[in-house]
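Spelled out, the chains give:
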Amino acid sequence: MSDTLVLERIEANLARLRLTRMGEVLSDTIRVCEEQAKSYLSFLDDLLEEEVARKEQRRVETTLKISGLPFIKTIDEFDFSFQPALDRRSVMSLFDLTFVQRKENIIFLGPPGVGKTHLAVALAVKACQSGISISFTTMEDLIAKLKKDHASGKAGNARSYYKSALVIVDEVGYTPIDRHECNLFYRFVANRYEKASTIITSNKAFSDWSELFTDQVIVTAILDRLLHHSTVINIRGNSYRLKGKLQKEGDKTYEHGQ
Ligand code: ADP
Ligand code: MG
């Protein structure tokens, strides 16, 4: 059989096996390996590396798409010089993701616009790239989902917001929650306690949580479990959203609204 026919058959077989990247780079890889007199071993290695990298890239893209992230940003896009009071080293150390292995929590506190969601998203992106299952939800959506599952008699434990190794609950504190919702959130937190990691962002200090959560006993139990194994990052800075505006207005501290 001629080389051309063999190449065509290989390409057809690669397509059948859905090894598309190998099909794309086959001719070039053959040429480069011939030019550089590479061994069969490194030829096969080069091809497989290409395929695995493509599959991995697709997995990350798909997972990020369905994970509920409001936007995709990385830690490289975070300007630490804008938040000088934020300890760069302790934030960066979270990105080794050992907190996920240790089933610990992270809580980002601070006023609107200081980058709480950005940092939570960046950790989720890194976790996803490392093969950790992630799920992102706002507190409002989480409560709605928990209520729906409770009403339909489903345990909810099979849901991604329950079973993911890393769940991000964004914007705790924007809406007050009633006694029933408080109970459901407690169950959520208690279920994940020492079993999986949760990242929380909130614009409210812990001392204000009891006001927000109606039931004082339950809020204590919630905070107890959330904080037992946790890192709390308090960001006390200006809103990045008002960056240009603040400079124009002479660096006033931003206090109200989002
Ligand atoms: P928060 O959740 O604290 O209200 P966000 O994380 O949503 O704030 O930040 C608001 C916007 O500003 C986002 O687009 C975010 O990417 C951006 N942002 C915030 N802080 C920074 C920063 N230090 N460097 C770069 N972008 C930032
Ligand atoms: Mg936010």
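Before reading further, recall that the structure is shown in the block above.
To start, this report covers the structure provided alongside it.

Reading guide: rules and limits
- Residues numbered from 1 in each chain as written.
- Chains lettered and ligands numbered in written order.
- Predicted model: local features only at pLDDT ≥ 70, side-chain atom pairs only at ≥ 80, totals over all residues.
- Heavy atoms only, no water.
- Helix = DSSP H or I, 4+ residues; strand = E, 2+ residues; numbered from the N terminus.
- Buried < 20%, exposed > 50% of the residue type's maximum accessible area, 1.4 Å probe, protein only.
- Contact = heavy atoms within 4.5 Å.
- Areas by Shrake-Rupley, 256 points an atom, 1.4 Å probe, with all protein chains shown as cover.
- Lys, Arg positive; Asp, Glu negative; His and termini not counted.
- Charge placed at Lys NZ, Arg CZ, Asp CG, Glu CD.
- Expected span 1.5 Å × (residues − 1).

1. Notes on the overall build of the protein
Scanning the protein from N- to C-terminus turns up twelve helices and five strands. Burial analysis of the protein (258 residues in total) assigns 39% to the buried set. Pairs at least 24 apart in sequence give 76% of the contacts found in the protein among residues at least 6 apart. A total of about 14,900 Å² of accessible surface is found on the protein, and carbon and sulfur atoms cover 52% of it. Charged side chains of the protein number 36 positive and 35 negative; the gap between the two group centres comes to 5 Å.

2. A few points about helix α1 (residues 3-16)
Its 14 residues place the ends of α1 20 Å apart at the C-alpha level, agreeing with the 20 Å of an ideal helix rising 1.5 Å per residue. Phi turns positive one or two residues past the end of α1, at R18, with a value near 55 degrees.

3. Topic: unusual backbone geometry
In the Ramachandran plot, K103 falls in the positive-phi region, its phi being about 60 degrees despite a non-glycine side chain. Structurally, K103 can be placed in the loop between α5 (98-101) and β1 (105-109). The exposure class assigned to K103 is partly exposed, which follows from its relative accessible area of 34%. A positive phi is found at E194, a non-glycine position, where the angle reads about 60 degrees. With respect to the element layout, E194 can be found in the loop between α9 (179-192) and β4 (197-202). A relative accessible area of 43% means that E194 is categorised as partly exposed.

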